[in-house]
Every structure is written in structure tokens, then in C-alpha cells.
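# An overview of the molecular structure
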Amino acid sequence: MHNTVQLITASQKDRLILESVFKNLGADAVFSQDLNDALSVFEKTRPRAVFVVDGEDPPAEIQIREIARVAPFMPIVVLIKQRDASKAVAYMKAGAFDCAQSPWTEEEIRPVYKKALNMSGTTLRLDRGQFEKQKTVLLLTGLLISLIFGFTGGWFYGFNKYRTETRPLETLELPYSHPSGLAFDKDRILISDWYTQALYAHDMKDLKITGVAAFPNTVPVGLAAGEPGVWLATAGGDIEKRMNNGKFTVLSKTKPGAAPPAGVCYDGLYLWLAWPGENKISKRLANDELTELKTFKYPGKTITAFSCDARSLWVADEGLRSLVKLSPDDPQTALSKTEIGQYSSKTLKITALAPKGGKIWFTAEDNGKGRLFSIDEPR
């Protein structure tokens, strides 16, 4: 069996030290500069353990959490730069398999390295194509292969005209539990999670995680993306405009309302916001001030989630248990209403939606699990 381990460190000095140590231990060490780099090559390297250096960005606790979400049974060892027993205990409580104290020598690292080789894990594996279900195989050593769920289209009916019985749609389980925002950025799906306070980038082809940005001071509840950048709606009611780079650097911050919106979206020209309490939809300029141009009253029951594209506005309405289509020229008149099959689950709560490729995509929470599913876009 191969002895590949992955090490995450941006320090060239630490890399040289660790490279020598692991070479002498007979390990095939693969180095990554940061968490994003590690996640992007995770599936290719198939490491048997991951070693994280503390004191780097993002903090080791966040790295432990995100690696554990992608590979639940992967041994994660934290390499502590300065001897600190309390820090080691904290990392273990956060989910680390073990810790190695400084100085990093063969004698110090060998015991945890050998223990780590007795366990193995796997990343979340998603097949290309139709994302059909695969069998879950749980080996005695703790190897877990996540279930794959297919996407199927939904049936729709005209608003107050037609009614078609809908069938339940299958969903994909996300490797995090509280998705709060959804947007498409070229060949990526961006999903925010309010609990982990992070933004996850998924590859459109196979939905594998290709990057993670942590926001320790922000709780994201909504998300929009476009050429000017990325807009993040926060639990405090702010709209943060961020640079579309690896760290999503903050460019500006505006507070358009006292409460957080149910959704934020960019139609290519204007930014749109929607609030559930007032059932209000707001059309704004995509400038730093988010200058409001006009407000509209939503004609349905409850704005649960909200999004748009260049042609339409879309509302997930929990009261109607449906997807409602609106015209950006007259958002106070509904064009169609489409039943959402997932609402047949009494525990499911839709949290965000976004149109892409002839489908409407949704994120949801259901019994402590994050979900992603899509239906065919109503015509």
C-alpha cells in the first residue's frame, strides 16, 4: 500500500525540514501551499494522511474542519511550531487525529506517522455525467465513499391555470450542512455556508470542491456573482462587494436594510435584493452604494429564496411550495408557478436558488444535512 501523505505549509523553510524528515521515514510527501491548493489536488494524490502546520492562514482549526468535511475519516495531524500542550488538546477537540510538537524530528513525527498509516480516508467522490447513485463501501479501516445522487428534472404548471402532479426529485448531499447562498461563476458553482462561515467553490463538471474561502468575521446568508465581482449578503444585513479572487477580498460594504435579505442576485446590469418579512423586491445599481432604483411588492405568499438572470426573477415560495417566475419589468405580476417536489419532505428548507443551463438549482437544509438539487427551468 502506498505511503503518500499530504503536507500543507506556505513556508519554504518548513517544507525543506519536513521534506527531509518524511523522506527518511519512507513516505511519499506531497506539499501544498494552502488549503485551496490541497483540496484541488486531493483526489489526485489520494493521501493516507494530511499534515497541517499551525500558525498559518487559514488557521489550523479551519483546515481541520474543511478537510474533515471532504474526507471524514482522513487522519489529520497538526504540526505545532512551539511546544504547547493546551494547543494540542484544542486541536484534538477540533477533530485532529494527533499532533506533533516542535522540533520536528524523525523521532517526534515517526509515532504519529505510523499511527496515521493505520487509517485511511477518501475525499468526496462524485462521478461525472448524471451523478447516479453509487454504493457506499465502509471498510474496517474507516474508508468511506460518499453516496452519489442523480439530478432529474421537475414538472411545472402555469400560474393558476395548469396543475401537474409532481414526483419527488433526488438530491445530492453536500459535504457541509448549512448552505445559505448559491451563484454560478463561469465553470464554478459557488455555495456559502453560514455555519462554517465559508464560501465553497465546486467544479461544474463533477461538483468536486476546488477551493474554500473562510470568513471568520462574516456570517454569509446570500450570494451573487458577476463580472464586477461577488456580493455577499450577511446575517447582519450588510451587502459586501468582494473581489473575485481566491480570498474574496472585501471592496465595499453597504447596509440596504435592517434585516438580512432572502436573496441577492445580479442580472448583468442591476443588483436585485428581496426581503421575506415585507415580501419586498428591490432593484438597485451595482455600485458601491447600491443605489435603489425601485421597489416592488411580491405577489405570492413568502419569499423564501430569491435569484435572477437577464430574463427573469425567480422566487422559491415556501407558502406556495413552488417556484414562482417573475418578469424584471413587472415583478408584481407572476408569470408562472411550478411545484417543487422536494417540498414533499416536511423537514426540507430551501435556502438559495440560481438559474443555470436551462435548470434552476437549489440548496437546502434537511435533517442536519446540506442538499443540492435542480429542476428544469419553466418556459
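Our subject is the structure that appears above.
Residues numbered from 1 in each chain as written. Predicted model: local features only at pLDDT ≥ 70, side-chain atom pairs only at ≥ 80, totals over all residues. Heavy atoms only, no water.

## A look at the pairing of strand β15 (residues 263-266)
Residue alternation in β15 divides its side chains into two sets, Gly 263 and Cys 265 and Val 264 and Tyr 266, and both sets are buried. Between β15 and strand β16 (residues 270-275), which pair antiparallel in sequence order, lie three residues; one of them, Gly 268, sits at a positive phi of approximately 105°. (Buried < 20%, exposed > 50% of the residue type's maximum accessible area, 1.4 Å probe, protein only. Helix = DSSP H or I, 4+ residues; strand = E, 2+ residues; numbered from the N terminus. Pairing = 2+ DSSP bridges.)

## Regarding the packing of aromatic side chains
Inspection of the entire model under this criterion finds eight aromatic pairs. Geometrically, the ring pair formed by Trp 231 and Tyr 266 is tilted, given 5.0 Å between the ring centres and 35° between the ring planes. Placement of Trp 231 in strand β12 (residues 229-234) and of Tyr 266 in strand β15 is noted, with a sequence separation of 35 residues between them. On the basis of relative accessibility, which here comes to 1%, the residue Trp 231 falls in the buried class. You can call Tyr 266 buried: its relative accessible area is 18%. The ring of Phe 97 is capped by Lys 115, whose NZ or CZ atom sits 6.0 Å from the centre of that ring. (Phe/Tyr/Trp six-rings, centres within 6.5 Å; stacked < 30°, edge-to-face > 60°. Lys NZ or Arg CZ within 6 Å of the ring centre and 35° of its normal.)

## A word on the sheet that holds strand β1 (residues 4-8)
The strand order β2-β1-β3-β4-β5 describes an open sheet built from five strands, whose pairing is parallel. Each end of this open sheet is capped by a strand with a single partner; those strands are β2 (28-32) and β5 (98-100). Strand-to-strand, the axes of this sheet are offset by a mean angle of 25°, without reference to chain direction. Looking at chain direction, strand β4 (residues 76-79) and β5 are connected through three bridges and run parallel. By the bridge assignment for β5, Val 77 is matched with Asp 98. Contacts from helix α2 (residues 35-45) reach β1, β2 and β3 (49-53), with the element oriented near 170° to β1. (Axes fitted to C-alpha atoms, helices over the stretch in contact; angles between N-to-C directions. Contact = heavy atoms within 4.5 Å.)

## Considering the sheet that holds strand β25 (residues 369-376)
Read from one edge of the open sheet, four strands run β6-β25-β24-β23, paired in antiparallel fashion. At either margin of the open sheet sits one strand with a lone partner, and together these are β6 (172-173) and β23 (348-356). Here β23 runs beside strand β24 (residues 359-366); their pairing, made up of eight bridges, is antiparallel. If you follow Ala 352 over to β24, its bridge partner there is Thr 363.

## Points about helix α5 (residues 106-117)
Taking 1.5 Å as the rise per residue, α5 with 12 residues should run 16 Å; its terminal C-alpha atoms sit 15 Å apart, in good agreement. Those residues of α5 that sit buried are Ile 109, Val 112, Tyr 113, Ala 116 and Leu 117. Viewed end-on, α5 has its buried residues packed into an arc of 140°, placing them on one side of the element. Exposed residues lying more than 90 degrees from the buried face of α5 are Glu 107 and Lys 114. Against the buried residues of α5 lie β1, α1 (12-24), β3, β4 and β5. (Expected span 1.5 Å × (residues − 1). Arc of directions from axis to C-beta.)

## A word on the nonpolar core
In terms of nonpolar packing, the biggest core is built from 36 residues, with Ile 67, Val 78 and Tyr 91 touching the most fellow members. Apart from the residues within four sequence positions on either side, Val 78 is in contact with Val 52, Asp 54, Ala 60, Ile 64, Tyr 91, Ala 96, Asp 98, Cys 99 and Ala 100. (Core = buried A, V, L, I, M, F, W, Y, C linked by side-chain atoms within 4.5 Å.)

## What to know about the state of the cysteines
In this structure the tally under the stated criterion is one disulfide. Each disulfide pairs two cysteine sulfurs, and for Cys 265 the partner residue is Cys 308, the sulfurs being separated by 2.2 Å. Because the sign of the S-S torsion sets the handedness, a value of about 120° for the bond joining Cys 265 and Cys 308 places this disulfide among the right-handed ones. Of this pair, Cys 265 sits in strand β15 while Cys 308 sits in strand β19 (residues 305-308), placing them 43 residues apart in sequence. The buried category is assigned to Cys 265, whose relative accessible area is 3%. (Disulfide = S-S within 2.5 Å.)

## Examining unusual backbone geometry
Negative phi values dominate among residues other than glycine, just as trans dominates among peptide bonds. The omega torsion of the bond from Asp 57 to Pro 58 falls at 0°, within 30 degrees of zero and hence cis. Mapped onto the secondary structure, Pro 58 falls in the loop between β3 and α3 (60-70). The residue after Ser 102, namely Pro 103, is reached through a cis peptide bond having omega 0°. Structurally, the position occupied by Pro 103 is in the loop between β5 and α5. A positive phi angle, close to 65°, is found at Leu 207, a residue other than glycine. As for its position among the elements, Leu 207 is in the loop between β9 (198-203) and β10 (209-214). If you check the backbone angles, Arg 321 has positive phi at about 55° while not being a glycine. Position of Arg 321 among the secondary structure elements: in the loop between β20 (313-317) and β21 (322-327). A relative accessible area of 42% means that Arg 321 is categorised as partly exposed.

Note that all results are geometric; they support no functional claim without further evidence.
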